[in-house]
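# Remarks on the overall topology
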Amino acid sequence: MSTTDTQPRSRASKMLLRAGTGLFWSLVAAIVLARAAFFEPGVYDSFSHVASIAKNLFF
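In what follows, the accompanying structure is described. Source: prediction; values computed, not measured. (Residues numbered from 1 in each chain as written. Predicted model: local features only at pLDDT ≥ 70, side-chain atom pairs only at ≥ 80, totals over all residues. Heavy atoms only, no water.)

## Examining the overall build of the protein chain
When helices and strands are counted, the protein chain shows three helices and zero strands. Listed N to C, the secondary structure of the protein chain is α-α-α in terms of helices and strands. Counting over 59 residues, the protein chain shows a buried share of 0%. A total of about 5,800 Å² of accessible surface is found on the protein chain, and carbon and sulfur atoms cover 69% of it. (Helix = DSSP H or I, 4+ residues; strand = E, 2+ residues; numbered from the N terminus. Buried < 20%, exposed > 50% of the residue type's maximum accessible area, 1.4 Å probe, protein only. Areas by Shrake-Rupley, 256 points an atom, 1.4 Å probe, with all protein chains shown as cover.)

The structure is reproduced here in structure tokens:
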């Protein structure tokens with residue numbers, strides 16, 4: 001298999017590939033920005049407390 005076999009051959013498939021790639025990275029950016037906007041620093045405090053209790057019980 002050569003490298004030309006894996007690349008899109010038609011103009012429409014190239015445009016579809018670019019549109020899909022753009023949509024994917026737009027969604028990635030939106031998720032990262034939403035995660036940064038709604039992040040609460042204290043949300044993991046209860047988890048670390050439960051983890052320390054579990055650690056004391058088992059070890």
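## Focus on the packing of aromatic side chains
Inspection of the entire model under this criterion finds one aromatic pair. Here Phe 24 and Trp 25 contribute two aromatic rings whose centre-to-centre distance is 4.9 Å and whose plane-to-plane angle is 75°, an arrangement assigned as edge-to-face. For Phe 24, a relative accessible area of 46% corresponds to the partly exposed category. (Phe/Tyr/Trp six-rings, centres within 6.5 Å; stacked < 30°, edge-to-face > 60°.)

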